[in-house]
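Architecture at a glance
Given next are the chains, with one letter for each unit.
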Amino acid sequence: MERKIIRTGDGSVTIHLSQWDEQYHSKHGAIAEARHVFIKMGLEYWVGWNKEKELSILEIGFGTGLNALITFLEAKKLELNINYTGVEAYPVSENEIQELNYAQMLSPGNQITFFQKMHNSPWDVPVAISKNFQLEKQQKRFEEIQDVNAYDLVFFDAFGARVQPELWTEEIFAKMFVAMKPNSVLVTYSAKGSVRRAMQTAGFIVERLPGPPGKREMLRALKK
Ligand SMILES: C[S@@+](CC[C@H](N)C(=O)[O-])C[C@H]1O[C@@H](n2cnc3c(N)ncnc32)[C@H](O)[C@@H]1O
């Protein structure tokens, strides 16, 4: 599939897949979307709800590592200890990683080394990126996830249901529900009615929330 690096609304880049006319992030701003959907509505909400400082995060689609980098920076700011698992079947190439401007934009100076460390870390073993952030990139398909009661927060960031409908089903959300602990949170940029209903059937309590720039709504699913 043809892949191209494009600039989004806030100046951060993303990868565009021509055949699907789909991107890794919102065209209106990759960083803005990640901050709103995953940090504000996900991480900050979980911390406010659980009042704890240590958590395990599962990311559905590690991709460019943008969500992992933003979470890493936020963990430092909020003094959190995070175990971050990023599942990805088709890792981004070395050349593409070189073109991503996230580290420069988010924290000019020393964060490039942390972003590089994330991408250079081996697959399928936990690696300490810093003393309060552990990353395990797992190279496998989402369909193979078998974890039970393991995660406090899930960043559900698959390609859209328009191009990968098989990843937005009741079966996949049931898998997420089993993988999650009590009082946990799943957030996604999608606001589709069929996605909301699949989450509810899997056992989640689902809220519709204001979306990131350029999107009216998004979804947050709670496992109580
Ligand atoms: C929207 S992108 C993820 C963006 C990523 N969170 C980021 O910040 O760059 C979706 C990702 O899911 C991966 N993917 C697609 N189908 C998959 C599958 N069945 N199993 C595992 N990964 C898959 C793609 O390779 C892509 O990296």
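Preceding this paragraph is the structure being described.
The structure contained in this document is the topic of the report that follows.

Looking at the environment of glutamate 79
Within the element layout of this structure, glutamate 79 appears in the loop between α2 (66-78) and β5 (81-87). Sequence separation between glutamate 79 and asparagine 132 is 53 residues, and the spatial gap between their C-alpha atoms is 8.0 Å.

Considering the sheet that holds strand β9 (residues 180-188)
The eight strands are arranged β6-β7-β5-β4-β8-β9-β11-β10 in an open sheet whose pairing can be described as mixed. In this open sheet, the two strands that pair with only one neighbour each are β6 (127-130) and β10 (205-210). Strand-to-strand twist of the sheet, defined as the mean angle between neighbouring strand axes without regard to direction, takes the value 20°. Sheet strands touched by α2: β4 (54-60), β5, β6, β7 (133-138) and β8 (151-156). Its angle to β5, the strand with the most contacts, is close to 180°. Lying on the sheet, helix α6 (residues 170-179) is in contact with β4, β8, β9 and β11 (217-223); it crosses β9 at an angle near 140°.

Observations concerning the site of the ligand
The immediate surroundings of the ligand are formed by 22 residues, with Glu59, Gly61, Thr64, Glu88 and Asp157 found nearest. Asparagine 67 has a polar side-chain atom sitting 3.3 Å from a nitrogen atom of the ligand. One of the side-chain N or O atoms of aspartate 157 is found 2.7 Å from a nitrogen atom in the ligand. Burial of the ligand by the protein amounts to 98% of the accessible area it has alone, namely 600 Å². Considered class by class, the residues forming the shell around the ligand number nine nonpolar, seven polar and six charged.

Rules used throughout
Residues numbered from 1 in each chain as written. Predicted model: local features only at pLDDT ≥ 70, side-chain atom pairs only at ≥ 80, totals over all residues. Heavy atoms only, no water. Helix = DSSP H or I, 4+ residues; strand = E, 2+ residues; numbered from the N terminus. Pairing = 2+ DSSP bridges. Axes fitted to C-alpha atoms, helices over the stretch in contact; angles between N-to-C directions. Contact = heavy atoms within 4.5 Å. Near = heavy atom within 4 Å. Polar contact = N/O pair within 3.5 Å; in protein donor to acceptor, adjacent residues only side chain to side chain. Areas by Shrake-Rupley, 256 points an atom, 1.4 Å probe, with all protein chains shown as cover. Nonpolar A, V, L, I, M, F, W, Y, C, P; charged D, E, K, R; others polar.

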